[in-house]
Amino acid sequence: MDNPYVSMWQELGLDLAAHDALLNVLGKTYTDFFLTQKNRPDGMGYFDFVMSEVHGLRIKELLDEKSAGRKIIGSYCVFVPEEIVLAANATLVGLCSGADFAMEAVERLQPRNTCALIKSFFGFKLGKVCPYLESADMVVGENTCDGKKKAYETLDSLVKNLYVMDLPQVKSEQGRVLLRAEYDRFKTALEALTGVAVTAESLKTTIRTVNAKRAAIHRLSSLRKADPAPISGMDALLANQVFFYDNPERFTTSVNKICDELERRIAEKEGVFPAKTPRILISGCPQAVPNWKLPYIVETSGAVIVGEESCVGERGTRNLTEETGDTVEAMMEAVVDRYFKVDCAIFTPNPERTAHIEEMAKDYNADGVIHYGLQFCQPYLMESFPVERALEEKNIPTLRIETDYGMEDVGQLKTRIEAFIEQLR
Ligand code: BJ8
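Residues numbered from 1 in each chain as written. Predicted model: local features only at pLDDT ≥ 70, side-chain atom pairs only at ≥ 80, totals over all residues. Heavy atoms only, no water.

A. View of the sheet that holds strand S1 (residues 71–75). What the four strands build is an open sheet, ordered S2-S1-S3-S4; its pairing is parallel. Since the sheet does not close on itself, it has two edges, and those belong to strand S2 (90–94) and strand S4 (162–165), each with one partner. Here the strands of the sheet are splayed against their neighbours by 30° on average, with no regard to which way each runs. Running over the sheet, helix H10 (residues 173–194) touches S1, S2, strand S3 (138–142) and S4 and is turned about 160° from S4. (Pairing = 2+ DSSP bridges. Helix = DSSP H or I, 4+ residues; strand = E, 2+ residues; numbered from the N terminus. Axes fitted to C-alpha atoms, helices over the stretch in contact; angles between N-to-C directions. Contact = heavy atoms within 4.5 Å.)

Structure (structure tokens):
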């Protein structure tokens, strides 16, 4: 049967042959990595469906929203405040940056020794294979690490409407003032784009919507404290990845539904792996779709992942926004308070992150921590040394991994990870 989405992709300007090739690889990897897992919760059926329609039905929904007058905003960072985007009658989507694509073309624009995440977002643009990017009315870049900061200067000429948000690097009073000013400037830019003013009423509603979504995914995370773990790290990561694409209300309902099922599993001591399987906490760079390499290796090497200290994980979702404000001013302050707590490694100094890793390792009963650093990512790779020292001082075994999106190092990684897991037993 003909694919019903081909004309939609064509209208978005995708390179159909390249896009087909990407979907084929994605589909195969998904089948091999996810559908071969044993004892998956039934609720994962929803996420399997979402992934099977990630470039189909979800894009159609976004285009329908556009036809009804909403705008689509693409983002590469958890500092882009979804509450404000929704309140201005727009929808926020995370943009693909978890796979290598069109690398030859990318390396004509970016140095080879750029992190895989940055190269990936260039690859998806240059290869014309990301329908989210092509649907976006505004793409938001942010001044976080040096790599992204400079990359956006180049990306500016490739995308229609790139908006760059400045971000503080220090958690000082001045840093907070800057974040507030930037969120105000962003709100004004959104209002100009959509023609819809953010009101106290709309912002209150959207703060609640986003809080509900974060609370649901946090509920799912907390259930992973149980032994045996009721859900695999692969599946939990997938839910955290879908967080960035799905309709917020539907996502919240689906995650809460799977949590109900996981609670039943915990009561019956049913798990995805046997009790006492070595438990790993992953900490470090975000793992964007379809970057599933590390969790796949870990969970096919005899361990279970019980948490992600990452922006696609708890760093991005642990804090909620205070809901008590009644004016736009009070709620903007609450939004700034919430985001200012995000402990990304671009901040200096950044002791909160180490404290959070220790706390998570304890709360999730992790036997060890794998620090995941993307090659050439200075903020996280540099932080991995003090993090390792701090954890080892607390007798938490730690393995530092430095890798990219390629598959060449899978064998070597597996050997190191298996040895680490053996040490935890
Ligand atoms: S808040 S982690 S999503 S910036 S991996 S591009 S840091 S060189 S992604 Fe991030 Fe926002 Fe921070 Fe989170 Fe640079 Fe490192 Fe590449 Fe990175």
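That shown, we press on.
B. Just the environment of Asp367, in detail. Inspection of the secondary structure puts Asp367 in the loop between helix H17 (351–363) and strand S7 (368–374). Separated by 302 residues in the primary sequence, Asp367 and Glu65 have C-alpha atoms spaced 45 Å apart. Sequence-distant contacts of Asp367, that is, excluding residues within four places in its chain, are made with Thr277, Pro278, Arg279, Pro397 and Leu424. Of note is the side chain of Asp367, whose polar atom sits 2.7 Å from the backbone nitrogen of Arg279. (Polar contact = N/O pair within 3.5 Å; in protein donor to acceptor, adjacent residues only side chain to side chain.)

C. Broad picture of helix H19 (residues 410–424). The end-to-end C-alpha distance of H19, which contains 15 residues, comes to 21 Å, matching closely the 21 Å that a straight helix rising 1.5 Å per residue would cover. Of the positions making up H19, those classed as buried are Leu413, Ile417, Phe420, Ile421 and Leu424. All buried residues of H19 fall inside an arc of 100° around its axis, so they share one side. Residues of H19 that are exposed and angled more than 90 degrees away from the buried face: Gln412, Thr415, Glu422 and Gln423. (Expected span 1.5 Å × (residues − 1). Buried < 20%, exposed > 50% of the residue type's maximum accessible area, 1.4 Å probe, protein only. Arc of directions from axis to C-beta.)

D. Spotlight on the site of the ligand. As a structural note, the neighbourhood of the ligand is formed by 17 residues, with Cys77, Cys145, Cys311, Cys344 and Cys377 the closest of them. Across the shell around the ligand, the residue classes break down as 14 nonpolar, one polar and two charged. (Near = heavy atom within 4 Å. Nonpolar A, V, L, I, M, F, W, Y, C, P; charged D, E, K, R; others polar.)

E. Seen up close, the environment of Gly307. By the element assignment, Gly307 lies in strand S6 (residues 304–309). Between the C-alpha atom of Gly307 and that of Arg279, which follows or precedes it by 28 residues, the distance is 9.1 Å. Discounting chain neighbours no more than four positions away, the residues touching Gly307 are Arg224, Ile280, Leu281, Ile282 and Met360.

F. Molecular detail of helix H3 (residues 44–52). All buried positions along H3 are accounted for by Met44, Phe47, Asp48, Val50 and Met51. End-on view of H3: buried residues confined to an arc of 160°, all on one side of the axis. On its buried face, H3 sits against helix H2 (16–33), helix H12 (233–242) and helix H13 (248–267).

G. Geometry of the nonpolar core. Judged by nonpolar contacts, the single largest core of 123 residues is most densely connected at Tyr132, Tyr183, Ile280, Trp292, Ile370 and Ile417. With residues up to four places along the chain from it excluded, the contact list for Ile370 reads Ile280, Leu281, Ile282, Ser283, Leu294, Val298, Leu399, Ile401, Ile417 and Phe420. Grouped together as the second largest cluster of nonpolar side chains are 14 residues, Leu281, Tyr364, Val369 and Leu391 included. (Core = buried A, V, L, I, M, F, W, Y, C linked by side-chain atoms within 4.5 Å.)

H. Spatial organisation of unusual backbone geometry. Here the amide bond leading from Val289 into Pro290 is cis, since omega sits at -5°, within 30 degrees of zero. The topology assignment puts Pro290 in the loop between strand S5 (279–284) and helix H14 (293–299). Across the junction of Thr348 and Pro349, the peptide omega takes the value -15°, indicating a cis bond. Along the chain, Pro349 falls in the loop between helix H16 (328–339) and H17. Within the chain, Asn89 stands out as a residue other than glycine whose phi angle is a positive 65°. The class for Asn89 is partly exposed, based on a relative accessible area of 24%. Of note, the phi angle at Lys128 is positive, near 55°, even though the residue is not glycine.

I. Region of interest: the packing of aromatic side chains. According to the stated counting rule, one finds 18 aromatic pairs in the structure shown. When the ring of Phe33 is compared with that of Tyr296, the centres are 3.8 Å apart and the planes differ by 0°; the resulting orientation is stacked. Of this pair, Phe33 sits in helix H2 while Tyr296 sits in helix H14, and the two are 263 residues apart along the sequence. Of the residues examined, Phe33 reaches a relative accessible area of 13% and is grouped as buried. (Phe/Tyr/Trp six-rings, centres within 6.5 Å; stacked < 30°, edge-to-face > 60°.)

Remember that the coordinates give geometry; whether it matters functionally is a separate question.
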